[in-house]
Structure formats: structure tokens, C-alpha cells
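# Coordinates in review
The residues making up each chain are set out below.
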Amino acid sequence: MLVTDIRVTPLALPLKRPYVWSQGVETRFHVNLVELIGEDGAIGVGETTTAPDAAAQAMVLRKLGRHFIGRPVFEARQIMAEAYRANFLAFGGNMPRYANQLMSGLDMAALDLQGQATGRPVWDLLGGAVRANVGYFYFLQGETVEELAADARAAVAAGNPVIYLKVGIEPERDIAATRAVRAAIGDTRLRLDANEAWDPGLALRMLTRLAEFDIEYIEQPTPSTAIEALGQVARQSPIAIGADQSVFTLNEVYRAVSGGHAHMIAIGPREIGGVQPMIKAAAIAEAAGLKICIHSSMTTGISTVAEHHAARAIPNLDDGNQIMWQLLEEDVLDRPGVAPVKGRLALEGKPGLGTVLDRDVIGRAAERFEAEQA
Ligand SMILES: [Mg+2]
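Quantities reported herein were computed from a predicted structural model and do not represent experimental measurements.

### With respect to the sheet that holds strand β1 (residues 3-21)
The strands that make up a sheet pair up through hydrogen bonds in the backbone, lying either parallel or antiparallel. Ordered by their spatial adjacency, three strands build an open sheet running β1-β2-β3, and the pairing between neighbours is antiparallel. If you trace the sheet from one side to the other, it starts and ends with β1 and β3 (43-48), each paired once. Direction aside, the axes of adjacent strands within the sheet are offset by 20° on average. As judged from the six bridges shared by strand β2 (residues 24-38) and β3, these two strands associate in the antiparallel manner. By the bridge assignment, Glu-35 is partnered in β3 with Val-45.

### Notes on the coordination of the magnesium ion
Between any two of four tetrahedral donors, the ideal angle at the metal is 109.5 degrees; between two of six octahedral donors, it is 90 or 180 degrees. Protein-derived coordination of the magnesium ion comes from Asp-193 (OD), Glu-219 (OE) and Asp-244 (OD), at a distance range of 2.1 to 2.2 Å. The sequence pattern formed by the donor residues of the magnesium ion is D-x25-E-x24-D. One end of the pair, Glu-219, is in strand β8 (residues 215-219); the other, Asp-244, is in the loop between β9 (241-243) and α9 (250-258), and 25 residues separate them in sequence. As far as burial versus exposure is concerned, Glu-219 and Asp-244 are alike and both buried.

### A closer look at the nonpolar core
Where a protein is soluble and globular, its nonpolar side chains tend to be buried together. Counting 93 residues, the largest nonpolar core has Leu-11, Leu-165, Val-181, Trp-198, Leu-210, Ile-218 and Ile-265 as the members making the most contacts within it. When residues of this core are assigned to domains, at least three fall in each of domain 1 (3-124 + 357-373) and domain 2 (128-353). Excluding anything up to four places from it in sequence, Leu-210 contacts Asp-174, Ile-175, Thr-178, Leu-192, Trp-198, Ile-215 and Ile-239. Counting residues in each nonpolar core, the second largest holds 24 residues, with Leu-36, Ala-42, Ala-109 and Ala-110 among its members.

### Quick notes on the domain arrangement of the protein
Segmentation of the protein into domains returns domain 1 (3-124 + 357-373) and domain 2 (128-353). Between the C-alpha centres of domain 1 and domain 2 the distance comes to 23 Å. Every contact between the two is made by 46 residues of domain 1 and, on the other side, 57 residues of domain 2. Among the residues domain 1 hides against domain 2, the three largest losses belong to Phe-29, Arg-97 and Trp-123. Together they make up 19% of the total. Taken together, domain 1 and domain 2 are joined by four salt bridges. With a closest N to O distance of 3.6 Å, Glu-147 and Arg-17 form a salt bridge. Applying the counting rule to domain 1 against domain 2 returns 24 residue pairs in polar contact (both at pLDDT 80 or more). The dominant element in the side of domain 1 that touches domain 2, judged by the number of residues it contributes, is helix α3 (residues 96-118), at 12 residues. A breakdown of the residues in the side of domain 1 that touches domain 2 according to their chemical character gives 22 nonpolar, 11 polar and 13 charged.

### Some details on the environment of Ile-241
Tracing the chain through its elements places Ile-241 in strand β9. On the basis of relative accessibility, which here comes to 0%, the residue Ile-241 falls in the buried class. Spatially, the C-alpha atom of Ile-241 lies 8.7 Å from that of Gly-231, the residues being 10 residues apart in sequence. Setting aside residues no more than four positions away along its own chain, Ile-241 makes contact with Leu-207, Tyr-217, Ile-218, Pro-221, Leu-230, Val-233, Ala-234, Ala-262, His-263 and Met-264.

### Regarding the pairing of strand β10 (residues 264-267)
Put simply, side chains in a regular strand alternate between the two faces of the sheet. Along β10, one buried face is formed by Met-264 and Ala-266 and the opposite face, lined by Ile-265 and Ile-267, is buried too. Where the polypeptide runs from β9 across α9 and back to β10, its parallel neighbour, the crossover connection is right-handed.

### Overview of helix α2 (residues 76-87)
Between its first and last C-alpha, α2 extends 16 Å over 12 residues, near the 16 Å set by a 1.5 Å rise per residue. For α2, the full list of buried residues reads Ala-76, Ile-79, Met-80, Ala-83, Tyr-84 and Asn-87. On an axial view of α2, the arc spanned by its buried residues comes to 135°, and they lie on one face. The inward-facing, buried residues of α2 abut α1 (54-65) and α3.

Reading the values: the criteria
Residues numbered from 1 in each chain as written. Predicted model: local features only at pLDDT ≥ 70, side-chain atom pairs only at ≥ 80, totals over all residues. Heavy atoms only, no water. Pairing = 2+ DSSP bridges. Helix = DSSP H or I, 4+ residues; strand = E, 2+ residues; numbered from the N terminus. Axes fitted to C-alpha atoms, helices over the stretch in contact; angles between N-to-C directions. Donors = N, O, S within 2.8 Å, 3.2 Å for Na, K, Ca; no water. Buried < 20%, exposed > 50% of the residue type's maximum accessible area, 1.4 Å probe, protein only. Core = buried A, V, L, I, M, F, W, Y, C linked by side-chain atoms within 4.5 Å. Domains from an automatic or database assignment. Contact = heavy atoms within 4.5 Å. Buried area = accessible area lost by both parts, 1.4 Å probe. Salt bridge = Lys/Arg side-chain N within 4 Å of Asp/Glu carboxyl O. Polar contact = N/O pair within 3.5 Å; in protein donor to acceptor, adjacent residues only side chain to side chain. Nonpolar A, V, L, I, M, F, W, Y, C, P; charged D, E, K, R; others polar. Right-handed = clockwise from strand over helix to strand, strands pointing away. Expected span 1.5 Å × (residues − 1). Arc of directions from axis to C-beta.

Okay, here's the thing in C-alpha cells:
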């Protein structure tokens, strides 16, 4: 199956309600939709993050994607290695974090095309499924402590076994929100994510205070640029520590686990370079006796499906993985449905990723992005 064309489309997708986290308050997500076109007309889809600018990233993605044109899609690994060498190393630029975030969309699209060409789900191309379904946490939303507690009550009533709350907003607000959520959910499992907000000293003070709320795990309390800071906290914290923004490359995963800097590795295809590199990252964590927790930030249903395929094939997978498309006003998928029931999702094994895009939603999102640029 030869690849004949690549399309990259920046999308602006509004959120149902303001999304509050340690880095600010967001009202919409941007993604770049990546489509690799096969010689038989099949379309492989993927998506990427867009920081710092979706239009600029689309230009780079098209440049990288052109390496696929006229080549067999089953040479995807070699093509992406060549694209990295020709567009980064050949200019003296070794930028694995940046490249991973772009290559992820090409990896998803290539695997989708490979699966369609062979009639196999992507998890079969990764060695086959080792589980029949995947567990997800419930992602609490709200601008106030009262809204978060109300969402938490509803989440537990709907049967969600794992609840996830953003902290790192402001210390007293974080304590109040965690207390209110714990009161609302009884003994249901509770996780936190501080998204790099604390230095090690503040992190240890906060984690000591938060320990009374029976927190099973907190992601990335300290800045991502210093894995050693995370390790300082992990060695003294009363709560288990996850590395997330610290581990966007395979070498960073290796350093985190070999240094004993984290108890869990939270990682997603859009950061590590795609679905296939997820399997490599999981193997590094597995060698250290750690689990992988799927990280999914500002993603649509396309990434959700890609993450699900990886999750079905990873042996050392956690049961409270991240899912984020549900924050969007409307998702880009027509099918499959990707809403977990009681925290569990089991997609059918359709060829490739098995997605059908909603072209009306995508058209509106592309127009919205262009209007924002005017
Ligand atoms: Mg996180």
C-alpha cells in the first residue's frame, strides 16, 4: 500500500465548560488532524498537539509527511527515522520532544492505514490484545469547589471507580477541593494531578496535608524540566508519585525509572511519538516493575481510539487511564462511541483504528480555526 498524499488540518474545538488546571483556564482545544491517503483511497487518521501554534505546526507536519508520499506505508518506521534525520539532525537540531509531538500524528495515521490494508485492528499490529477492555478515570470538572463536589457525587452515582481531580491551582483551594471531593465520593478511589505547579518543598508540604484524604497517586507535582525534583518528592512523599510531563521521550522514561524518580509513568501517544513508541515506553517501565497510565491531554476521540489500541496491547497498564474528548462541545468522531461505561471501554476490533470521522464537525472546526487567524 503506497501513500499518495498527506493532509493536515488545524481544528479549533470549543469546550463544554471552562477547563481549569494549574496552567490556566482553557475554553477550547486546538489539534492538527493528520490524514495519510493510500493508493486505494483509504485514509489513515491521526492528530497532534499544536503548541505553540497550530498553523506553524501544520507547515512542519506537511514537510515531515511528504517523506511518506510514494512509499509503502509498511515502511513507516524507516520513513519517520529518515524524516527526523533530514529535517532535524541534518540541521544540527536534535529535538526529540518536539519531533515526537509531530511524529505522533504520522504514526497514528500510518498504523491506521496498515490496519486497513491488512484487515486487522491496530492492537494486532502491536502484537495482539492482552486485555478485553480498558479502565478510565472520571475527570472532574468545575470552576468552584461546590461544582467539583457535585460532579464527583454524580460520577460515583454513575458507577465510576476512579476519580481524578486537578490541583496545583492554589494551595488552600486545592486542600478545600480535595476535602470536598473526598466527602462527596466516600471511599471511591481518588487521584490528583498538580501539573508541575509545586517546587519540592511545597510539594512535600502539600502531599503531607493531602495524605489524610487517602490519595492513591498524584501526577507531576514538580516542574517537568527537572526529573530529580520529582525524585526528591517521590522518595519522601506519603502519596505515590507519577511522572507525566517529565517523560515525553524514551530516554526521559528510562531516566525516570532507572533513577527511581516515580512510582508510575503517565504517558500518551501524542507526546511519546505515537502508538508504537507507547509500546517501547511501556517496556522500559515494565523492566523497572512500573505500570503505564495513559496520558491524554487536550485530545479528541481520534487520540482516545489510538490510546485505546495501545492500551489493549500493553501488559503493564494501569486501570485508571486518562480520557478527555468528553470535555469538547462536539467530538470529531462519528463512530465508534468512546464513552466508558462505569469507567470501562471495550472497542470492537475493526481494521486499523476503526474510526469514522464526522466531516461536518471537522468542517466547522477548521472554519473556526481559520476565523481565529483572521
Ligand atoms: Mg497529568
